[in-house]
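# A structural walkthrough
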Amino acid sequence: MEKKYNVAVVGASGAVGEELFRVLEEVKFPIGDLLPLASANSVGIEVECQGKAYRIEELTETVFEGRNIDIAFFSAGGSISEKFAKYAVESGAVVIDNTSHFRMDPDVPLVVPEVNPEDIELWEDTGVIANPNCSTIQMVQLLKPLHDLYGIRRVDVSTYQAVSGAGKAGMEELVKQMQDFFAFKLDESEVKAFSHQIALNVIPQIDVPQPNGYTKEEMKMVNETNKIMHTDFAVSATCVRVPVLRSHSESITVTFGEGVDVSVTEAREALANFENVKVIDDLEKGEYPMPIIATDTDYTYVGRIRKDIFAENILHLWGVADQVRVGAATNAVRIAQKWIRLKEDI
């Protein structure tokens, strides 16, 4: 008989929490008991998973006591993880954290299962496994096979990030502003989730400015990439919010070492053979990754793969993934699946 695991989901009423329930059901995750947790405002709301209904309970310092939780997914913001994750760990659970709080902690593994599954073994040091930033996850899935093939020296990336990266409030704000636009009331529309109007606009700032001129979101991509891949190559990111509901896109320029003569055919083959990556790359037929293709899927799509016209060691490509799934919920569940295999192999 398959062993069952008791699972808690912190942030059960949020966008990522809701997606976690969907993914857990789709992959037939071996759930014993399920404990959905959120703030007092959401207590009593029912969530469904694998044909059963569960009522959300309030997240408190004592809620994990005596519940025998094996895996606790945290998706309710860094301050919540900072305060409550330790209580889940103390109760005996492994915490898989979807926030930024633990990512750069040197004692906490930062994991994309396709890229660095071996780091999951380090979970016992703190009881926590960190889920990277959504934009980082889809990028390193594309960088890993290319780094293995040629050896990366530098990465320059520009992101085109969907409003769902800001949660339900971001999606609702875009929809409301578009409704106001068609009602000729856009000048009256509320600007709250973002620093500027997002409808019919792009905003070249995600998260707060840093002293070096980059934003916090951009520095997440820089720092997390090297931690996940155990590398020290240069990364520069420009993160932009675009009026797309779901799925982030990225334009990536990869510079390899001096003397490397990049082969597009080899690069395309390496990407196509990498786990959970799909190549869509036929410019003549207008076939390339787009948010409408990636949304509600668990793949990272890549296309527009082309060699630089001035330097033989530079490759350009375009990647798209559903950041609520690949960039959060699905990655977290994949971590849990690998963790289970690790536990059962011991």
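Our structure is the block above this text.
What you see is a predicted model, and the numbers here were worked out from it, not measured in a lab.

About the cut-offs
- Residues numbered from 1 in each chain as written.
- Predicted model: local features only at pLDDT ≥ 70, side-chain atom pairs only at ≥ 80, totals over all residues.
- Heavy atoms only, no water.
- Core = buried A, V, L, I, M, F, W, Y, C linked by side-chain atoms within 4.5 Å.
- Buried < 20%, exposed > 50% of the residue type's maximum accessible area, 1.4 Å probe, protein only.
- Helix = DSSP H or I, 4+ residues; strand = E, 2+ residues; numbered from the N terminus.
- Contact = heavy atoms within 4.5 Å.
- Pairing = 2+ DSSP bridges.
- Axes fitted to C-alpha atoms, helices over the stretch in contact; angles between N-to-C directions.
- Salt bridge = Lys/Arg side-chain N within 4 Å of Asp/Glu carboxyl O.

### With respect to the nonpolar core
Across soluble globular proteins, nonpolar side chains have a tendency to be buried as a group. Core analysis: the biggest nonpolar cluster contains 58 residues, and Phe64, Ala72, Phe74, Leu143, Val155, Ile252 and Phe256 have the highest contact counts within it. Considering every element that reaches this core, the biggest residue donor is helix α3 (residues 134-150), with seven residues. Setting aside residues no more than four positions away along its own chain, leucine 143 makes contact with Ile152, Val155, Thr225, Met229, Phe233, Ile252 and Val254.

### Here we look at the sheet that holds strand β9 (residues 152-161)
Spatially, six strands are ordered β10-β9-β11-β14-β13-β12 in an open sheet, and the strand pairing comes out mixed. Strand pairing shows two members of the sheet lacking a second neighbour, β10 (234-241) and β12 (277-279), which therefore form its edges. Sheet twist, expressed as the mean angle between neighbouring strand axes with direction ignored, is 20°. Strand direction decides the pairing type here: β9 and strand β11 (residues 248-256), joined by eight bridges, are antiparallel. Across the sheet, residue valine 155 finds its bridge partner in β11, namely valine 254.

### Concerning the pattern of salt bridges
For the structure on display, the rule yields 21 salt bridges. Aspartate 148 serves as the salt-bridge partner of lysine 144, at 3.3 Å between the closest nitrogen and oxygen. Here lysine 144 and its partner aspartate 148 are both found in helix α3, four residues apart, which amounts to about one turn of the helix. According to the relative accessible area criterion, lysine 144 is partly exposed, its value standing at 22%. The exposure class assigned to aspartate 148 is exposed, which follows from its relative accessible area of 52%. Through salt bridges with shared partners, a single network forms among Glu19, Arg22, Glu26, Arg246, Asp296, Asp298, Asp322 and Arg325.

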